[in-house]
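Given next are the chains, with one letter for each unit.
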Protein chains: 4
Amino acid sequence: MKGIVLSAEWAPRPGYEVSEFERTTKKAITGSSIWRHPRPALRDVEEPQPGPRDVLIEVKAIGICGSDIHFCETDTEGYMLYPGLTRFPQVIGHEFSGRIVEIGKEVRDLCVGDPVTAEEMLWCGRCFSCRIGVPNHCEYLEELGFTVQGAMTRYIAVEDRFVWPITSIVEQRGDEEAAWEAGALVEPTGVSYLAMFVRSQGFKPGSTVVVYGAGPIGLAAISLAEAAGAGRIVAFESLESRRRLAKAAGADAVYDPAALSREGTQPWQAVMDLTGGRGAQMHVEAAGVPTRTVPQMERALAVDGKIVIIGRAAERVPMYLEALQVRGSQLFGSQGHAGHSVFPNVIQLMASGRLDMRKIITHRFTLAQGEEALRQALSREGGKVMLHTA
Amino acid sequence: MKGIVLSAEWAPRPGYEVSEFERTTKKAITGSSIWRHPRPALRDVEEPQPGPRDVLIEVKAIGICGSDIHFCETDTEGYMLYPGLTRFPQVIGHEFSGRIVEIGKEVRDLCVGDPVTAEEMLWCGRCFSCRIGVPNHCEYLEELGFTVQGAMTRYIAVEDRFVWPITSIVEQRGDEEAAWEAGALVEPTGVSYLAMFVRSQGFKPGSTVVVYGAGPIGLAAISLAEAAGAGRIVAFESLESRRRLAKAAGADAVYDPAALSREGTQPWQAVMDLTGGRGAQMHVEAAGVPTRTVPQMERALAVDGKIVIIGRAAERVPMYLEALQVRGSQLFGSQGHAGHSVFPNVIQLMASGRLDMRKIITHRFTLAQGEEALRQALSREGGKVMLHTA
Amino acid sequence: MKGIVLSAEWAPRPGYEVSEFERTTKKAITGSSIWRHPRPALRDVEEPQPGPRDVLIEVKAIGICGSDIHFCETDTEGYMLYPGLTRFPQVIGHEFSGRIVEIGKEVRDLCVGDPVTAEEMLWCGRCFSCRIGVPNHCEYLEELGFTVQGAMTRYIAVEDRFVWPITSIVEQRGDEEAAWEAGALVEPTGVSYLAMFVRSQGFKPGSTVVVYGAGPIGLAAISLAEAAGAGRIVAFESLESRRRLAKAAGADAVYDPAALSREGTQPWQAVMDLTGGRGAQMHVEAAGVPTRTVPQMERALAVDGKIVIIGRAAERVPMYLEALQVRGSQLFGSQGHAGHSVFPNVIQLMASGRLDMRKIITHRFTLAQGEEALRQALSREGGKVMLHTA
Amino acid sequence: MKGIVLSAEWAPRPGYEVSEFERTTKKAITGSSIWRHPRPALRDVEEPQPGPRDVLIEVKAIGICGSDIHFCETDTEGYMLYPGLTRFPQVIGHEFSGRIVEIGKEVRDLCVGDPVTAEEMLWCGRCFSCRIGVPNHCEYLEELGFTVQGAMTRYIAVEDRFVWPITSIVEQRGDEEAAWEAGALVEPTGVSYLAMFVRSQGFKPGSTVVVYGAGPIGLAAISLAEAAGAGRIVAFESLESRRRLAKAAGADAVYDPAALSREGTQPWQAVMDLTGGRGAQMHVEAAGVPTRTVPQMERALAVDGKIVIIGRAAERVPMYLEALQVRGSQLFGSQGHAGHSVFPNVIQLMASGRLDMRKIITHRFTLAQGEEALRQALSREGGKVMLHTA
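Computed from a prediction, not measured in an experiment: that's the story for all the values here. (Residues numbered from 1 in each chain as written. Chains lettered and ligands numbered in written order. Predicted model: local features only at pLDDT ≥ 70, side-chain atom pairs only at ≥ 80, totals over all residues. Heavy atoms only, no water.)

(A) Focus on the domain arrangement of chain A. Residues and elements named next belong to chain A. The domain boundaries assigned to chain A delineate domain 1 (2–189 + 337–388) and domain 2 (201–333). Just the C-alpha atoms count here: the centres of domain 1 and domain 2 sit 28 Å apart. Counting the surface lost from both domain 1 and domain 2, the interface buries some 1,100 Å², and carbon and sulfur atoms represent 68% of this. Joining domain 1 to domain 2, the criterion identifies zero salt bridges. Applying the counting rule to domain 1 against domain 2 returns five residue pairs in polar contact (both at pLDDT 80 or more). Classifying every residue of the side of domain 1 that touches domain 2 by side-chain character gives five nonpolar, four polar and five charged. (Domains from an automatic or database assignment. Buried area = accessible area lost by both parts, 1.4 Å probe. Salt bridge = Lys/Arg side-chain N within 4 Å of Asp/Glu carboxyl O. Polar contact = N/O pair within 3.5 Å; in protein donor to acceptor, adjacent residues only side chain to side chain. Nonpolar A, V, L, I, M, F, W, Y, C, P; charged D, E, K, R; others polar.)

Below, the structure is given as C-alpha cells:
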C-alpha cells in the first residue's frame, strides 16, 4: 500500500548526548536535536498485521496536524523543528477515521464494519501514571504517526483500547462522508477538550472565554466554548483567514492584535471593555506564544479566573503572579487528549449536532496529493487541511 | 397602585403548634398548616418607600411561579397547598424585571434607568450560612412575594445587593420588550442553574442529561442542558403541550411515561436504549414526584452519574443505594438560586443568544388580568404564564 | 504448598436462572443463589506459575475481610451469604503483603526482594470503564481470592500493574514485621479512602465526620478522618470491644446507639448536640444497615454535608430527599479501592506514621490456624484478625 | 486606653499620582508610595463606641504579623515598605482574640462573655465579588489595623459578621490562657488554610507537601499539612531558628537551601530524591521570593501537582510553563482568609487538638512592651511574637 512517509537523517547535533534509550530504540527523545533534512514522500509501505488485540482499520480521512507540519520544517542547519519523541522513517498522520475491516481474536466491544477513530497516544496502562489515572503522562508512551505507523495510508492496526466507534455520528448526522471528516477531527478537538474541561474543570455556563490563536486547536477551543455555553467568546488571531474561521466557529468578537495595537489598544483592554471591567473567566493559550499572550491574560482575569495553557513553547514566560493572587486565579498546563471520557464525549457532542468541527476544514486533498496538502498546511493560511483516501 | 394580593385566613390546623416566631412575626413557617381559604385579588396597595440601600423598580414583566399556584390551591379542608414560609396578605410575584426609577443614597453600582431583575431570596448576609458562602441556606431569609411585598404590581423596592442589571440582554439582543420577558425568567432559570451547575458541579460536554418533568423548571433544565453542551437530552413528561415545549427547548428525545408504559417500556429502559446501555450522566428531578422518578434514575445511571433533586415532595423515596455504589454515582439536593454567580451567568447566557428562555412562554396577560392569568397557570397546561404591566 | 481453600457446592437455588456466562465460566454472579454448604479448610494447593507480566510474591501477612466471613456464613437453607462474583473452590484471602521472589520477564518497576501489597480488584484496563478512568467499575473484573487464587497460602502470582511496593513503610517505620501487617491493611483502608477522598472528594480540615459502624472499614474511616484533619470524629457502634477500638483509632466521641436510645436520644441528636446544632459535614455508612443509619444522617446534615455509602445492603432505604435539599447536601455511593492513587497514598500515609492501622488488629494467628482465625472473625468481636505465614 | 499607634507622614513620592479616592479618604492605595517616616508608639487612643451590629471586645492576645513589620520598615528614602491599602495614624494589630464585653442591639448569635477572634478583612457583603461568594476580593474592603482601628489596644469594636467564637477551644483544650493565644493565631493560619484548602482545593491524604519559607505563614502551612494528612512534608528555610520550628510544626525534612547548594544540590533535587523521582503534589510559596522558589517547584512537580502562591512579591517570575504541561500541573494565586468556612474550620481544628499553632510562638510581651515586641519581630529571628494585654 501507499503512504506518506517522513524520512530524516539520524544526525545528532554536535554536543547532543544520545541516550542509551535513544541508541537502542532508535527513537529520538528530542527530535529537533537528532533528525536532519526531513522530507515527506508518498511511498510503498507494508500492510500492517493486526495482533490478537488489534483492529485493522481501512483509513477514510486524515487531518494534518501542527506536529506533522513541524516534522517538515527545519531550522537554518536543517534540523527538524518538531522537538518531541519520534522514530523515522515513519508513516505519519494521527488524526483519522476509518472502518474496521478485521479484528484480532481477543478484541472486545468492536466489530468488523464499525466506523471508528482512535487516540493517538498509546498509553501503556501499566506505569505509575497510567495506574493512577493520568494516561496523558504515561511513562512508556508510543504515538501513532510518531513512533509507530501512522494513518496517512490505506490501513492501520490499532489496539482495541485506543479505538472509539463513531457510529453515533454516522447515525445521528445521517451523512457518512461528513462523519469520516468529523471522526478525523475528534483527536485535535480532544486536545482542547482535555485542557478546558478536564484539566481546568471547565467554566460555568455564561462565562467569558478568551482564546488566543485561531489555528485548529484554537478553533476547537472556540467551538467547544460555543457548544458548552460560554456567555461571550473573544478570539485574538493575526491572520485574516483564521479570524473568519473564528467567527464561524462561534466567537462573538474577534480581533487582530496588530490592528488593535495600532489603535493604541492591547488585547487585555479589549477584554476588559467587553466585560465591563470584570475580566474573563477562562483564557486559552492556543497560539504557542505565551510570552506574548499570558501577560495579556494576567491583566484581564475575572476573580477566580483560569489561564489554560495548550500551546507549546520552550521559553520562560515572565509571569506577574501577584495578578493571580489579587484576582484569586489559577493557571493550568495541559497536554494530550487520552482518557477521561474525552473521545466518547467529543464524539457524542458531534453526533448531537451541537459541535460541528467540519466548519474549520478549509482544504481537502486526496491521499495521493499528500505532499501538496502538506505544503498547503505549511502556509498556515486557513484552517484544517483534510486528506481523503477515496 | 394596584397589585395582585394574596389573602388568607390565619387558622392553624387543630393540633398544629404555632411557634413563638410565628406568633410574633405573623409569618407561617409551615404555610399549609396555618393559612386557610386563600384568594388572590387585584387590589390597591401602598407604594413602597425605598430605604437608603434600596432601588425602586418600575415593574415591567412578571412570571407566575409554581409556588404562586400552590398559594391558590387548597386541600379538601381549605388549607393552602404551599408548605413554606409566608406572610399574608401579600403582593405576590417574584419572577420579574423592570426599570430602576429611584435609588437610595447609599446604593452602589446601580443607576436610575437601569433595566434589572432581582433575586427572590433576600439572604441576610450575616448568619453562619451566609458567612460561609451558602446564601441559599440563610437562617434569616426573607422572600420577595412570600414574606415581603412582591412584584405583581407597579413598583417594588429591593436592596441593591439582590438586584442585577439586564442591560446586556437589552443591548445584545436589541429588543427591549423581549428583554423584559427574559429578565423575568432569570430567577426560575437560576433555580435549575444552581442545581445543575453549582450544587451538582455540572456535566462534561457530550454527556447525556435526562430531565423528568417539563414544567417551567424542567424546561429551564432542558434549555440549560442544551446551552451547556449536553450530548443527548431526554425528557419525560405526561402532558402533550409540555412535551412540545420540551422539544422546542432542545430535548432530543421526549417521552410520555404513560405511553411508554403501555408499550411495556419503563423510562429507565428508554434511557438505556438511547445510550447503548451506558446510562445517563445527569438525571434531573423536576417533576416533584421522586417516589416515581428516582427509582427510574437509579436504573439508568452512567458510571459516575448524578441525580439532581430540584422538585420538592414531602415524602420518603425508597432508594436502592447499592445502585449508586455499583455505578459509582451520587445524588445532590438543591434549593434556591442565590449567590454563586447564578444571576450574572444566566443573564449573560441570555444576552449571548445561547439561551432563549422565552420559548417556554405560552401565555401572556396584563397585570389587570392577573386573576385570569393565575387560573390559566392553575390549569398546568402549557409553559410559563407571563404578566406585563403595560 | 498449603492454603485455606473455600469449597462449596454448585447448587443453584430453585428458580434461579443460571446464565450462559455462569455456565461457561463456572463463576457465580450472585454467589448467594448458587453456592451451598461452603467450608474453609487448610489444604494442599498447587504453586502458581508467574506469567511474563506477573510477580511471584511470598506471602507474609493476610487479613480476614468481611467478605471472607460471608463466604463461611450460610442462610437457613445452607446457601452462602456472600452475594457477589465468586468461583469455588478457591484459595481465599486478598488483604495481604509479602515479598517478591520472582518476576516475569516483562515486569516493570518491580524487583525481586521488594516488600509489596496488591490491589484485590484485577481491572482489565481495556473496557469502557477502565478507559475512562473508573477501574472500580471494570466490566471484566477478576478478583483475588474470589475468582482467582487468593493470598491465604505461601505464594501468589499477581500482574505487576496491581502490585505496590511498601518499601517506604519498612524504611520509614523501621520495623519489618510491623510493615507486613501495615501492608496487609492497605486494601481495606483503601476502601474507606476511596469512598471518603476520591468518590466524595474529602472534607475540609476541621469538619465533623460521623462514622456508623466500627468494624474494620469503619475503623479505617475513623483513622483516616483523624489523619486527614477532621475537627471532630463521632462514631456509633453497638459492640463494646469495637467502641474501644474506635476511641483508639481517633474518635472523639463514641456511642452505643442502644444505650443512647435508652436515654431517649437518637444518634442524630447526639451529633446535633456536639456540633451546636450545625450538623456534620461528612457521614460515613460503614455498618451495612442503611435503613437504620441513613435516616439518622439526614437529620444531622451540615449545610453542604455529605453522606458516604460504603456498607452494602440489598434493601431499599426510605430517604427524605427534602432533607438533602434544605441542607444543600449530597450522597455518594462507593465501591472498591483501585486506581486514583489510593494505594500509594495510603502506603505513604502509613510510612509517614500519620496513619497507624495496626491499632485495629486484635487477633493474630498463623496460617496453619486459619480455620480458627476464621471462627474468631465470625464472632465479630474485636477488630481485624490477621494471619501470619511465619 | 493605650494602644500601639503607627504614625507616618503623608508624603507622596515625586511622580506618584495621588488618586481622587486617596485624596478624599486619606487612605493610601499603594502605601509604599505615600507614607514616609513611619513610627510605632504606645499612645492614648479613644475607646471605640460599638454600633448596633457591633460587638465590643476586650482584647486578650495579639500576634504581630509580617505586615505590621513592613509598616515599620522603610526603604533608603524613608518610605514604608508595606505596599498596600492603609490609613494612618492607626492602632495596628489584627491577629487577636478577646472577650465580648458589650453587644449592639441588632447583634445576632453572639453574647457578652463569649471568647472570640475576628476576620481582619471587613468585606462589604454588597459588591459584585461579595455577592458571587469571593469576599477576599471585595471591592470596598476595609481592614482591621490597616484602614480602621486595630487590636493592639484594650478594646476593639467589630461588626458581628466578622466575629467568631473560640468557645470550643476554651472548652475542649481546657486552658483559657492557651485559648487566647490560639485564638490570636486563627487569622494567620487562615491565610494558609484558604490558600491550601479553598483556593487550591487541598491535597489527597498521603501526598507530599513542600513549603518554601518557615515564617509564621509557612509554619502554618506546615502545621496544616501535618494536620490534614500529608504523607511527607518538606520545608526549605534559611534561618536556623525557623528550621527548628518547621521541624516542631511537623515537617519530615527541613533544609537550608544555602547549605544544600554548597553540597551541589538544589531544592528540587532534594524533593525528587525524597519522592523517588515522582515529585511533590503540593508546593507552597510562603517565602515571598517566587523568582527563586517557583523555578525549583517547576522541576519537582508530581503529575497533577499544585503550586500555591501565598507570599507576595512585586516582581515577574520567569516560568517555564512547559513544565506544567508535561506534568499536568497547575498554579493557584491566593490572598486573604475570609469566608469559605475558614475561621470556623481552623477554630475547630484547634479545639480538637489536631492543630496546635502555639508551637510557633517564640516570644511573648505585654502590650506595654509593644515597641520592643515589634523590634523583636523586625529581627525575623524566631517565629510568632505574641502580645498579651494582661
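(B) Layout of the interface of chain B and chain D. Counting residues at the interface gives 23 residues for chain B, matched by 22 residues for chain D. Both sides of the chain B and chain D interface together cover about 2,100 Å² of buried area, and 46% of this is carbon and sulfur. When the buried surface of chain B facing chain D is broken down by residue, Arg108, Arg126 and Arg131 of chain B rank first, second and third, together holding 42% of it. Our count for the contact surface shared by chain B and chain D stands at two salt bridges. Salt-bridge contacts for Asp160 of chain D lead to Arg126 of chain B; the nearest nitrogen and oxygen are separated by 2.6 Å. Between the two partners, chain B and chain D, sit ten residue pairs in polar contact (both at pLDDT 80 or more). Contributing elements (two or more residues each) for the side of chain B that touches chain D: helix 3 (128–131) and strand 10 (163–165) of chain B. (Contact = heavy atoms within 4.5 Å. Helix = DSSP H or I, 4+ residues; strand = E, 2+ residues; numbered from the N terminus.)

(C) Representation of the environment of Ala390 of chain D. Residues and elements named next belong to chain D. Here Ala390 is to be found in the segment after strand 19 (384–388). Take Ala390: its relative accessible area is 88%, and that puts it in the exposed class. Sequence separation between Ala390 and Phe365 is 25 residues; the distance between their C-alpha atoms is 9.7 Å. (Buried < 20%, exposed > 50% of the residue type's maximum accessible area, 1.4 Å probe, protein only.)

(D) Geometry of the packing of helix 6 (residues 186–199) of chain C against helix 13 (residues 342–352) of chain C. All names here are of chain C. Two elements in contact, helix 6 and helix 13, have axes whose closest approach is 9 Å; the angle formed by their N-to-C orientations is 110°. Considering their axes alone, helix 6 and helix 13 lie roughly perpendicular with respect to each other. Each of Val186, Glu187, Thr189, Gly190, Tyr193, Leu194 and Val198 in helix 6 lies in contact with helix 13, whose residues at this interface are Val342, Phe343, Asn345, Val346, Ile347 and Met350. A class-by-class count of the residues in the contact of helix 6 with helix 13 yields nine nonpolar, three polar and one charged. (Axes fitted to C-alpha atoms, helices over the stretch in contact; angles between N-to-C directions. Parallel < 35°, antiparallel > 145°, perpendicular 65-115°, else oblique.)

(E) Main features of the relation of the copies chain B and chain D. Rotating chain B by 180° about the axis while translating it 0.0 Å along that axis superimposes it on chain D, leaving an RMSD of 0.0 Å. What we have between these two chains is a two-fold relation. Using C-alpha coordinates, one finds that chain B approaches the rotation axis most closely at Gly133 of chain B, a distance of 2.8 Å. (Least-squares fit on C-alpha atoms with pLDDT ≥ 70 in both.)

(F) Here's a closer look at the sheet that holds strand 2 (residues 35–44) of chain D. All names here are of chain D. Pairing is antiparallel across the open sheet formed by three strands, whose spatial order is 2-1-4. Sheet topology places strand 2 and strand 4 (90–91) at the edges, where each strand pairs with a single neighbour. The sheet contacts of helix 14 (residues 370–379) involve strand 1 (2–10) and strand 2, and relative to strand 2 the element is tilted by about 140°. (Pairing = 2+ DSSP bridges.)

(G) Layout of the pairing of strand 5 (residues 95–103) of chain C. All names here are of chain C. Relative to strand 5, strand 3 (residues 54–63) runs antiparallel, the two being bridged by eight bridges. By the bridge assignment, Ile57 is partnered in strand 5 with Ile100. Summarising the sheet, strand 5 and strand 6 (residues 115–118) pair through three bridges and their orientation is antiparallel. Bridged to Gly98 within strand 6 is Val116.

(H) Spatial organisation of the environment of Met297 of chain A. All names here are of chain A. Mapped onto the elements of the fold, Met297 is located in helix 11 (residues 290–298). Each C-alpha atom, one on Met297 and one on Glu285, is 9.0 Å from the other, the two residues being twelve residues apart in sequence. Beyond its immediate sequence surroundings of up to four residues, Met297 is in contact with Tyr212, His283, Val284, Glu285 and Ile307.

(I) View of the confidence of the model for chain A. Confidence along chain A averages 96 in pLDDT terms, with 100% of residues attaining 70 or more. If you check the scores for this complex, the pTM reads 0.97 and the ipTM reads 0.96. (pLDDT = per-residue confidence, 0-100.)

(J) View of the pattern of salt bridges. The full count for this structure, using the stated rule, is 83 salt bridges over all chains. One salt bridge in this structure joins Arg199 of chain D and Asp304 of chain A, with 3.6 Å as the shortest N-O distance. With one member in each of two chains, Arg199 of chain D in helix 6 (residues 186–199) and Asp304 of chain A in strand 15 (residues 301–309) form a pair that bridges those chains. Glu322 of chain D is paired through a salt bridge with Arg312 of chain A; the nearest N and O atoms lie 2.9 Å apart. Separated into two different chains, Glu322 of chain D in helix 12 (residues 321–326) and Arg312 of chain A in the loop between strand 15 and strand 16 (317–319) make up a pair that spans both. Bridged by salt links that share partners, the residues Arg13, Asp75 and Glu77 of chain A form one connected network.

(K) Structural context of the pairing of strand 3 of chain C. Residue and element names in this part refer to chain C. Counting buried positions along strand 3 yields nine of ten residues, so the element is predominantly enclosed. Examined bridge by bridge, strand 3 and strand 9 (residues 155–159) share five bridges and lie antiparallel to one another. The residue of strand 9 that forms the bridge with Ile57 is Ile156. Bridge analysis of strand 3 against strand 19 (residues 384–388) gives three bridges, and the strand direction is antiparallel.

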